Amino acid sequence: MLELNNISKYYNTGTVNEMCLFQDFNLSVEEGQFVSVVGSNGSGKTSMLNIICGSIPVDSGTIYIGNENITDMPEFKRQRRIGRVYQNPAMGTCPHMTILENMALADNKGKFFNLRPGTDKKRVDSYRESLSSLGLGLEDKLHVKVGVLSGGQRQAMALLMSTMTPIQFLILDEHTAALDPKTAETIMELTGRVVKEKKLTTIMVTHNLRYAVEYGDRLLMMHQGQAVMDEIGEKKAAIRIEDLLERFNAISIECGN
Amino acid sequence: MKKSFKALFLTTAVTASLLGGCSGSSSSPAPGDGASYTIGIGQFAAHGSLDNCREGFLLGLAEEGIVEGQNLTVLYENSQADGGIASQIITNFASQKVDLICGIATPMAQTAYGVGKRQDIPVIFTAVTDPVAAELANADGTPVGEITGTSDKLPVTQQLQMIRTMLPDAKTIGIIYTTSEVNSLSTIEEYKAASGDYGFEIVDIGISTTADVPLAADSLLEKVDCVTNLTDNTVVASLPVILDKAARKNIPVFGSEIEQVKIGCLAAMGLDYIDLGKQTGRMAAAVLKGEKKASEMNYEVIEEAAFYGNTKVAENLGITIPEELTSSAKELFTDIDQ
Amino acid sequence: MTLLLGVLEEGLIYGVMALGVYITYKILDFPDLSVDSTFPMGAALTASALMSGIHPAATLLLSFGAGALAGCATGFIHVKLKVRDLLSGIIVMTGLYSLNLRFAGGRANVPVFTQDTIFENQFLADHIPQWLSSYTMALILFLIIAVCKVLLDLYLNTRSGYLLRAVGDNESLVTSLAKDKGMVKILGLAIANGFSALAGSIYCQHKGFFEISVGTGTIVIGLASVIIGIQLLCPENGTSFLNSLKLPQVRPTTAVIAGSVVYKACISLAISLGMEANDLKLITSILFLVILVVSTERRKKVKSHA
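Predicted model, so just to flag it, every value in this text is computed and none were measured.

**A word on the overall build of chain B**
Per the secondary structure count, chain B includes 13 helices and 13 strands. Within chain B, the fraction of its 338 residues that count as buried is 49%.

**Quick notes on the overall build of chain A**
Helix and strand counts for chain A stand at 9 helices and 10 strands. Relative to a compact globule of 257 residues, whose C-alpha radius of gyration would be 18 Å, chain A shows 19 Å and is just as compact. Considered along the principal axes of its C-alpha atoms, chain A spans approximately 60 × 40 × 35 Å. Looking at chain A residue by residue over its 257 residues, the buried ones come to 40%. Restricting to contacts in chain A with at least 6 residues of sequence separation, those with at least 24 account for 69%.

**Things to note about the domain arrangement of chain B**
Annotation of chain B at the domain level lists domain 1 (28-152 + 275-301) and domain 2 (156-271 + 305-333). The partner domain 2 of chain B presents 8 residues to the 10 residues of domain 1 of chain B that form the contact.

**Overview of the sheet that holds strand S4 (residues 123-126) of chain B**
All names here are of chain B. One open sheet holds the 6 strands; their spatial order is S2-S1-S3-S4-S5-S11, and the pairing between them is parallel. Sheet topology places strand S2 (72-78) and strand S11 (300-301) at the edges, where each strand pairs with a single neighbour. Direction of pairing for strand S5 (residues 147-151) relative to S11: parallel, over a ladder of 2 bridges. Counterpart to Thr 150 in the pairing with S11 is Glu 300. Packing of helix H2 (residues 48-63) onto the sheet brings it into contact with strand S1 (37-43), S2, strand S3 (100-104) and S4, and relative to S3 it is tilted by some 150 degrees. Where helix H11 (residues 273-288) meets the sheet, it contacts S1, S3, S4, S5 and S11, and its direction lies at approximately 175 degrees from that of S4.

**Let's talk about the interface of chain A and chain C**
At the junction of the two partners, chain A supplies 26 residues and chain C supplies 19 residues. Secondary-structure elements contributing two or more residues to the side of chain A that touches chain C are helix H2 (75-78) and helix H3 (99-107) of chain A. Split into classes, the residues belonging to the side of chain A that touches chain C amount to 10 nonpolar, 9 polar and 7 charged.

**Overview of the arrangement of the chains**
Once contacts are tallied for each of the 2 pairs of chains in contact, the highest total is for chains B and C. There is a clear gap between chain A and chain B: no contact, and 23 Å between their nearest C-alpha atoms.

**So, the nonpolar core**
Of all hydrophobic cores here, the largest spans 254 residues; its most connected members are Leu 100, Ala 109, Val 123 and Ala 267 of chain B together with Val 16 and Ala 199 of chain C. Looking at this core, the element that brings in the most residues is helix H1 (residues 2-27) of chain C, giving 15 residues. If you count residues domain by domain, this core takes at least three from each of domain 1 (28-152 + 275-301) and domain 2 (156-271 + 305-333) of chain B. Not counting residues within four places of it along the chain, the set of residues in contact with Ala 199 of chain C comprises Ile 13, Tyr 14, Val 16, Met 17, Phe 39 and Gly 42 of chain C.

**Re the packing of helix H2 (residues 35-51) of chain C against helix H10 (residues 218-233) of chain C**
A pair of packed helices can be characterised by two numbers: the angle between their axes and the separation between those axes. Residues and elements named next belong to chain C. Between H2 and H10, the shortest axis-to-axis distance is 7 Å and the interhelical angle comes to 105 degrees. In terms of orientation, H2 and H10 fall into the roughly perpendicular class. On the side of H2, the interface is formed by Val 35, Asp 36 and Phe 39, while H10 contributes Thr 218, Ile 219 and Gly 222. In terms of residue class, the contact of H2 with H10 is made up of 3 nonpolar, 2 polar and 1 charged.

**Focus: the pairing of S4 of chain B**
Looking along a regular strand, one sees side chains alternate from face to face of the sheet. Residues and elements named next belong to chain B. On S4, burial covers both faces: Val 123 and Phe 125 on one face and Ile 124 and Thr 126 on the other are all buried. Relative to S4, S3 runs parallel, the two being bridged by 4 bridges. Following the sheet pairing, Cys 102 is matched in S4 by Ile 124. Between S3 and its parallel partner S4, the chain crosses via helix H4 (residues 106-119), and the hand of that crossover is right-handed. As defined by bridge partners, S4 adjoins S5 across 3 bridges and the pair is classed as parallel. Bridge pairing in S5 links Ile 124 to Thr 148.

**Examining the sheet that holds strand S7 (residues 169-173) of chain A**
The strands that make up a sheet pair up through hydrogen bonds in the backbone, lying either parallel or antiparallel. All names here are of chain A. The sheet built from 6 strands is open, its strands ordered S6-S7-S8-S3-S9-S10 with mixed pairing. Either end of the sheet is taken by a strand with one partner, and the two such strands are strand S6 (82-85) and strand S10 (226-232). The average angle at which neighbouring strand axes cross in this sheet is 15 degrees, direction not considered. With 4 bridges connecting them, strand S3 (residues 34-39) and strand S8 (residues 201-205) associate as parallel partners. Each residue of the ladder has a partner; that of Val 35, found in S8, is Ile 203.

**A word on the environment of Pro 107 of chain B**
For Pro 107 of chain B, the location among the structural elements is in helix H4. Residue Pro 107 of chain B is classed as buried on the basis of its C-beta count, with 28 C-beta atoms lying within 10 Å. Between the alpha carbons of Pro 107 of chain B and Gln 43 of chain B there is a distance of 9.4 Å; along the sequence they are 64 residues apart. The residues touching Pro 107 of chain B, leaving out its near neighbours within four places in the chain, are Phe 44, Gly 83 and Ala 86 of chain B together with Glu 211 of chain C.

**Looking at the pairing of S10 of chain A**
All names here are of chain A. As defined by bridge partners, strand S9 (residues 218-223) adjoins S10 across 6 bridges and the pair is classed as antiparallel. Bridging across to S10, Met 221 finds its partner in Met 229. Linking two consecutive strands that pair antiparallel, namely S9 and S10, is a turn of 2 residues; a positive phi of about 50 degrees is found at Gln 224 within it.

**Some words on H10 of chain C**
Count 3.6 residues to each turn of an α-helix, and residues three or four apart come out pointing the same way. For H10 of chain C, which comprises 16 residues, the first-to-last C-alpha distance of 22 Å matches the rise-based estimate of 22 Å (1.5 Å per residue) to within 8%. Among the 16 residues of H10 of chain C, 15 are classified as buried, and the element is accordingly described as predominantly covered.

**With respect to H11 of chain B**
Residue and element names in this part refer to chain B. Compared with the 22 Å implied by 1.5 Å per residue over 16 residues, the 22 Å span of H11 between its first and last C-alpha is a close match. Within H11, the full set of buried residues consists of Tyr 273, Leu 276, Gly 277, Lys 278, Thr 280, Gly 281, Met 283, Ala 284, Ala 285, Val 287 and Leu 288. One or two steps after H11, the chain reaches Gly 290, where phi turns positive at roughly 80 degrees.

**Concerning the environment of Ile 65 of chain A**
Residue and element names in this part refer to chain A. Relative to the helices and strands, Ile 65 resides in strand S4 (residues 60-65). In sequence terms Ile 65 and Gln 168 are 103 residues apart; their C-alpha atoms lie 8.7 Å from each other. Beyond its immediate sequence surroundings of up to four residues, Ile 65 is in contact with Met 1, Leu 2, Ile 70, Arg 81 and Gln 168.

**Observations concerning the confidence of the model for chain B**
All names here are of chain B. When pLDDT is averaged along chain B, the result is 83, and 89% of the positions lie at 70 or above. The low-confidence segment residues 14-33 (pLDDT under 50) makes 35 contacts with residues lying over four places distant or belonging to another chain. For this predicted complex, the interface confidence comes out at an ipTM of 0.85, alongside a pTM of 0.83.

**Brief notes about the environment of Leu 271 of chain B**
All names here are of chain B. Here Leu 271 lies in strand S10 (residues 267-271). On the basis of neighbour count, Leu 271 is assigned to the buried category, with 25 C-beta atoms found within 10 Å. Among all residues touching Leu 271, those that are not within four sequence positions of it are Asp 152, Glu 257, Leu 276, Ile 302 and Ala 305.

**Looking at unusual backbone geometry**
The phi dihedral of Glu 174 of chain A is positive, around 50 degrees, even though this residue is not glycine. Topologically, Glu 174 of chain A is positioned in the loop between S7 and helix H6 (181-198).

Criteria and thresholds
Residues numbered from 1 in each chain as written. Chains lettered and ligands numbered in written order. Predicted model: local features only at pLDDT ≥ 70, side-chain atom pairs only at ≥ 80, totals over all residues. Helix = DSSP H or I, 4+ residues; strand = E, 2+ residues; numbered from the N terminus. Buried ≥ 20, exposed ≤ 12 C-beta atoms within 10 Å, placed from the backbone. Rg over C-alpha atoms; globule rule 2.2 N^0.38 Å. Contact = placed C-beta atoms within 7 Å. Domains from an automatic or database assignment. Pairing = 2+ DSSP bridges. Axes fitted to C-alpha atoms, helices over the stretch in contact; angles between N-to-C directions. Nonpolar A, V, L, I, M, F, W, Y, C, P; charged D, E, K, R; others polar. Core = buried A, V, L, I, M, F, W, Y, C linked by C-beta atoms within 7 Å. Parallel < 35°, antiparallel > 145°, perpendicular 65-115°, else oblique. Right-handed = clockwise from strand over helix to strand, strands pointing away. Expected span 1.5 Å × (residues − 1). pLDDT = per-residue confidence, 0-100.

Below is the structure:
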């Protein structure tokens, strides 16, 4: 469903600092797949996400969602079909608006932002329900400003908000990296649940090898702009953390680290 | 505890400020008691000519027997060329129930008129170059309400005549003016209309702020035989700079009133702002004493311009001031004030 | 009483502009200096319009529209031409100064004493009873600003309003919602400058004349009103010492208008105490500082109790 074809991206072209990030990179993600992406820093995992979302442009190559070529589509237009959760919990919600208002905002995604009331009174109960499924007590705090919530709570809301309206796929950008282990666990469980319930095609970038192994039905290891490991289904299920670590070491030695 | 104290303090301060001005009204003497008066003088900017107006105004009142400290209380405020402050100053006067408001310079006069007509306070203006354009008087000179005063319209034709007499061969006269001074614009129109009669061409250059003056002066001095001044606040404030540059090029600068001649202008067919002020003061006295209403007096203009010259400047420029002017001069200065 | 009314009237006029500054400064987090020229633009257009015989009420709408266009210009320069927020405002402010002189017919001072205005016209003369006449201006101002405030509050609770609030808070979220954050900012700037020009229009009709210098310092007055209003009446943590109204979102707009009145009252007090106009700017900054410091202390206290 998602196709990246012959993507090339260079940073600082024409200068001494010219760096090749991707050269002829290809990736194809089927509908319904849950891809975990791991890799060392600078391997291009986050850049790949940014390229898919449109935050950074490509030098050459095409990106397709379904049959549609979105290579030249501006970022905000692409987001209609994409849900994204960032590493920074502050980026997914509006701190000066209440929980209810944030939920209402997310609910309006895809609709016209016109002069109709921002919060649809009839939907409040369904917001409450979704929030109570988080188990964080947020459903009783609908009129509290999001800024006072903890990082984990905000990230949970961000996850809910990004999946509230129908999307074609979900992008998770190291979304548990800034959370403490317990909260990270909660968020991952929530992620697993939401993805399963809504049958979302998902790409998750993570540093946490355990999550990469436990979640998802496809594993991608990136290194210097290439996919050095790409296992699906049973093969993926068979991977253990040790295997990944071994592979990491191997790559490092090759590079002379 | 501390928090609520602060809060209380703030509330009190705010309330006090709202009531602050009101307390003033109880201390002013009752109007029309025959014996004492309270007036508010609002001056738009701090500026030699305007200051002279104010002085003259008080002198004029004194001549008619209304003396500050004896039977007159004067509330004086200067808005430092800020329109918003001018507005508050006038509101303040009105709340003190003054018997009369004197507005010095056009924006202050207009603000005073706006408030005065709602509060039934007569307004006397001075240093308003064109009262008709400012809608403070009708085209035929009659008042539009309880407002009258004096205009410091420049004696344009007399100035041109004087320049021609002093510089028989000059062809171009330069004028620097500020684009936001409406009085300057109308005076320049007059100059241009009349200049042909005296064989002159007017070259004008507009500026926005004081910072623009040096460059504008440089540019203008390249093109003209002499320069003349209007009563433009910004330009007059920067006169020393202009005089300095002109002196280097040996180009005479003519002024519009005494102070300018004192500091280095060659000559002026000038207005004595103190006299203008006195005239205004006399009009105000008539209104205060109830002899006449402001709505019955047309605004007045000083018709006679007097010649002021500076012989030191003339010497530096190598020009002799003609006999006909020196003999009729109101005052001749022999030195340049720094 | 006259003084109270005078201060109230001034406060309400500038309060309309403060609503605009509230949108740019507080909601969009965009320091918009263009109000220094959109305020006099409203005044200039109104003066010319009244002289041409246009109905006074229509001049209000005309000014709002023109202000909105100017705001779009600022927004365009910032969003599409990628100029920094502060500089975009300065560019528009400078350019508009010259345009304002043109709008006023090439003159720096245009009196409209002889024209009908929203404060003085036949309709009012016929319908307002004598005992009410000295309060007419204040009442009309009250009416106008009440309408503005209510409309703004309603707007901020619509979907579009939510988006406006979101873009100043977290613009990545707006992009995630598949909306162009640049367009939202431009809309915000348009509305804010519309208010500023509207305030200028009212100012011109209140005073009876247009003068090119009325705009200088508008942003300072606006910021002072917003900051004083918000910090005194609805600080971020909701621990206002004036006991709060039920609906939290209503307070900022009311607070900002109240802030404008308070600011004008303080200036009035300063003048009554005999302070020179030169010192008034110093007083404004001291006032600002005091308010900000007091509010920071309060914030600290809240944290220590929580």
